[in-house]
Amino acid sequence: MADKRTAGPGADTPSVLSIRSLQKSFGSLRVLEDISLSVERGSVVSIIGPSGSGKSTLLRCASFLEHAEGGDILYDGQYALKDGVYAHKSELNRFRTRFGLVFQNFQLFPHYSVLRNISEAPILHGENKEEVRERAYGLLKKMGLEGKETAYPYQLSGGQQQRVAIARALCMRPEILYFDEPTSALDPELTGEVLKVIRQLAEEKMTMVVVTHEMPFAKAVSNRVIFMADGVIVEQGDPIEVFENPREERTRQFLRVFER
Amino acid sequence: MSLTTMIIKMSEGLTRTCAIFFLTLIFSLPLGMVVALLRMSKVKIVSAVTRFIITVLRGTPLMLQLLAVTYGPYYLFGATVARNKLIPVVIAFSINYAAYFAEIYRGGIESIPIGQYEAAEVLGYTKVQTFMRIILPQVIKRIMPSVTNEVVTLVKDTSMAFTVSYQEMFTIGKQIANSQTSFTPFLVAGVFYYIFNVIVDYVMGRIEKRLDYYK
């Protein structure tokens, strides 16, 4: 599938993430059926689709929270999962440092201050404490959360908490950032501030995969949109094409709901 | 016998009461965590056996367990009964309380959202780091009220050591009551336990307050 925006320099270097023929079932229920996709460095891929379509499961497989039964997962051309067999535990740990995940429900650590939430993991990985702190302060500033370092999560609004969660993921310096419905748990008036920082990251060419129900956002920010239903990728391509001129009836049906 | 003499005699037993109380806590609080983790083991046989042991310990009287630990070895193997009864008493109490604490811990651990584990996993925390840094601190905060309940009960339960004639405060009181045909020692014992628990309540309250910096 030709994609103008992701082609060009870097197109021959391996994708940050490649997934091939991924299979996943919960018991007898097949949740992911032969999913293949790749994410090029600096691009933003949005995954849309009805609930239960497997979007979140796909992200959770890519971040090793779910165990896939078949297919390949590659980071920078290296196999984390090959033909349904996972790499050794220590290797998976190394792969884990390549991606970050932002959850729908933030999942900040409630007993840690904002600063500790953001900085503890890199420090545990052996990074210099001062450097990490400095980076954390920088990220907080970028997230519009200056002065919140000593606050505890319960003292923050949902939108602020989610921005802390984004800062926490970024502080690990991931090559790719996953968002699992980052605004679905937020009050409508707070989604804007979270989408704004994601948009800012897109402008800075952060590689991202965003599972979202925010259609205008997906259309505006993505280099590529993937529409999933019933565990398969129904359609993918340029956001303008997918949103304005979908090829598949299933996609049209889904998008019609949002037009009202 | 004057009231003052009674109080003095019974106070002498308070050291032993405190010994049961503190030693039981020192052993049963960590032991309870071990039992809780065994109870939650993914190995079915381990969790089933642990579960059975817990139901026995919680389903039979502590008094019976005290007698079993103290005199069981004599009846079973003809071993001499320990001269210092503190040892069997503390063993029986610790095992019994560990069973209760284990169930409290388990409830606390299971109440932590799975997302906390997942967030830690994605950030590269090891299993031990996740438990010690992320899960356990939140568990401790959540279970404090239940633990306080058990500790208050333990203060009163120490009186059960009289069944094996361990000379703690209540046992002494009971002996005085028998010899003097007086009810007063029981009133004195009641006041002692009450004061003890006022202190326990205060201390536990302080700990809970210190954990109040987050929600």
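Rules used in this analysis
Residues numbered from 1 in each chain as written. Chains lettered and ligands numbered in written order. Predicted model: local features only at pLDDT ≥ 70, side-chain atom pairs only at ≥ 80, totals over all residues. Heavy atoms only, no water. Axes fitted to C-alpha atoms, helices over the stretch in contact; angles between N-to-C directions. Helix = DSSP H or I, 4+ residues; strand = E, 2+ residues; numbered from the N terminus. Parallel < 35°, antiparallel > 145°, perpendicular 65-115°, else oblique. Left-handed = near helix turned anticlockwise from the far one by under 90°. Contact = heavy atoms within 4.5 Å. Nonpolar A, V, L, I, M, F, W, Y, C, P; charged D, E, K, R; others polar. Buried < 20%, exposed > 50% of the residue type's maximum accessible area, 1.4 Å probe, protein only. Polar contact = N/O pair within 3.5 Å; in protein donor to acceptor, adjacent residues only side chain to side chain. 1 Å grid on protein atoms, 1.4 Å probe; cavity = no way out; pocket = protein on both sides within 12 Å on 5 of 7 lines; lining within 4 Å. Points joined across faces, edges and corners; volume = space filled by probe spheres on them. Phe/Tyr/Trp six-rings, centres within 6.5 Å; stacked < 30°, edge-to-face > 60°. Pairing = 2+ DSSP bridges. pLDDT = per-residue confidence, 0-100. Buried area = accessible area lost by both parts, 1.4 Å probe. Salt bridge = Lys/Arg side-chain N within 4 Å of Asp/Glu carboxyl O.

1. Focus: the packing of helix α1 (residues 3–39) of chain B against helix α6 (residues 127–157) of chain B
Residue and element names in this part refer to chain B.
And step 1. As a packed pair, α1 and α6 sit with axes 12 Å apart at the nearest point and diverge in direction by 135 degrees. Comparing the axis directions of α1 and α6 gives the class oblique. The two elements α1 and α6 cross, and the hand of that crossing is right-handed. Two secondary-structure elements touch here, α1 through F21, T24, L25, M33 and L37 and α6 through F131, L136, V151, L154 and V155.
And step 2. Residue composition of the contact of α1 with α6, by class: 9 nonpolar, 1 polar and no charged.

2. A closer look at the side chain of D238 of chain A
Residue and element names in this part refer to chain A.
And step 1. Examined against the element boundaries, D238 turns out to sit in the loop between β11 (232–237) and α8 (239–244).
And step 2. Looking at D238, the relative accessible area reads 12%, which means it is buried.
And step 3. A distance of 2.9 Å separates a polar side-chain atom of D238 from the backbone nitrogen of I240.

3. Describing the layout of surface pockets
And step 1. In this structure, the largest pocket spans a volume of roughly 1200 Å³.
And step 2. As for the largest pocket, its lining consists of 30 residues, of which K42, Y117, E121, K127 and T130 of chain B are closest to the centre.
And step 3. Counting only elements with at least two residues in the lining of the largest pocket, the list comes to α2 (89–96) of chain A together with α4 (86–110), α5 (114–122) and α6 of chain B.
And step 4. In terms of residues, the lining of the largest pocket owes the most to one element, α2 of chain A, which gives 5 residues.
And step 5. Grouping the constituent residues of the lining of the largest pocket by class yields 12 nonpolar, 8 polar and 10 charged.
And step 6. Volume-wise, the second largest pocket comes out at about 240 Å³.

4. Quick notes on the environment of S63 of chain A
Residues and elements named next belong to chain A.
And step 1. Within the secondary structure, S63 is located in the loop between α1 (55–62) and β4 (70–75).
And step 2. Taking the C-alpha atoms as reference points, S63 and L101, 38 residues apart in sequence, are found 7.4 Å from one another.
And step 3. Only 2.8 Å separates the side chain of S63 from the backbone oxygen of L59, close enough to count as a polar contact.

5. Here we look at the packing of aromatic side chains
All names here are of chain A.
And step 1. What the rule picks out here adds up to 21 aromatic pairs over all chains.
And step 2. Look at Y75 and F95: their rings are 6.0 Å apart centre to centre, the planes differ by 35 degrees, and that puts the pair in the tilted class. Taken together, the positions of Y75 in strand β4 and F95 in helix α2 put the pair 20 residues apart, joining distant regions of the chain.
And step 3. In this structure Y75 comes out as buried when scored by relative accessible area, which is 0%.

6. Considering the sheet that holds strand β2 (residues 29–39) of chain A
All names here are of chain A.
And step 1. With antiparallel pairing, the 5 strands of this open sheet are ordered in space as β2-β1-β4-β5-β6. Each edge of the sheet is formed by a strand with only one pairing partner; in this case those strands are β2 and β6 (85–86).
And step 2. Here 3 bridges tie β4 to strand β5 (residues 78–82), and the two strands are oriented antiparallel to one another. In the strand pairing of β5, I73 is matched with L81.
And step 3. This element, α1, spans β1 (17–26), β2 and β4 of the sheet and lies at about 115 degrees to β1.

7. Side note on unusual backbone geometry
And step 1. Its identity as a non-glycine residue notwithstanding, S21 of chain A has a phi of 45 degrees, on the positive side.
And step 2. Summarising the element assignment, S21 of chain A is placed in strand β1.

8. Comments concerning the confidence of the model for chain B
And step 1. For chain B, the mean per-residue pLDDT works out to 94, and 100% of the residues sit at or above 70.
And step 2. Considering each helix and strand of chain B separately, the mean pLDDT is smallest for helix α3 (residues 62–77) of chain B, with a value of 91, and largest for α5 of chain B, with 97.

9. A look at the interface of chain B and chain A
When the parts of a complex come together, some accessible area is lost, and that lost area is often taken as the interface size.
And step 1. Across the contact, 18 residues belong to chain B and 22 residues belong to chain A.
And step 2. Summing both sides of the interface, chain B and chain A together bury roughly 2100 Å²; the carbon and sulfur share of this comes to 60%.
And step 3. Linking chain B to chain A there are 3 salt bridges.
And step 4. Note that E120 of chain A is salt-bridged to R133 of chain B, the shortest N-O span being 3.0 Å.
And step 5. Summed over the shared surface of chain B and chain A, the number is 9 residue pairs in polar contact (both at pLDDT 80 or more).
And step 6. Of all the elements in the fold, those that place two or more residues in the side of chain B that touches chain A are α5 and α6 of chain B.

10. Notes on empty space enclosed by the protein
And step 1. Considering all chains together, one arrives at 2 cavities of 30 Å³ or more under this definition.
And step 2. Elements with a minimum of two residues in the lining of the largest cavity: α5 (158–170) of chain A together with α5 of chain B.
And step 3. No other element matches the 3 residues that α5 of chain A contributes to the lining of the largest cavity.
And step 4. Roughly 40 Å³ of internal volume is contained in the second largest cavity.
And step 5. Considering the residues around the second largest cavity, the lining is formed by L17, I19, L37, I47, L58, L59, A62, Y178 and V209 of chain A.
And step 6. For the lining of the second largest cavity, the secondary structure elements donating two or more residues are β1 and α1 of chain A.
And step 7. It is α1 of chain A that provides the largest number of residues to the lining of the second largest cavity, a total of 3 residues.
And step 8. Its residues assigned to classes, the lining of the second largest cavity shows 9 nonpolar, no polar and no charged.

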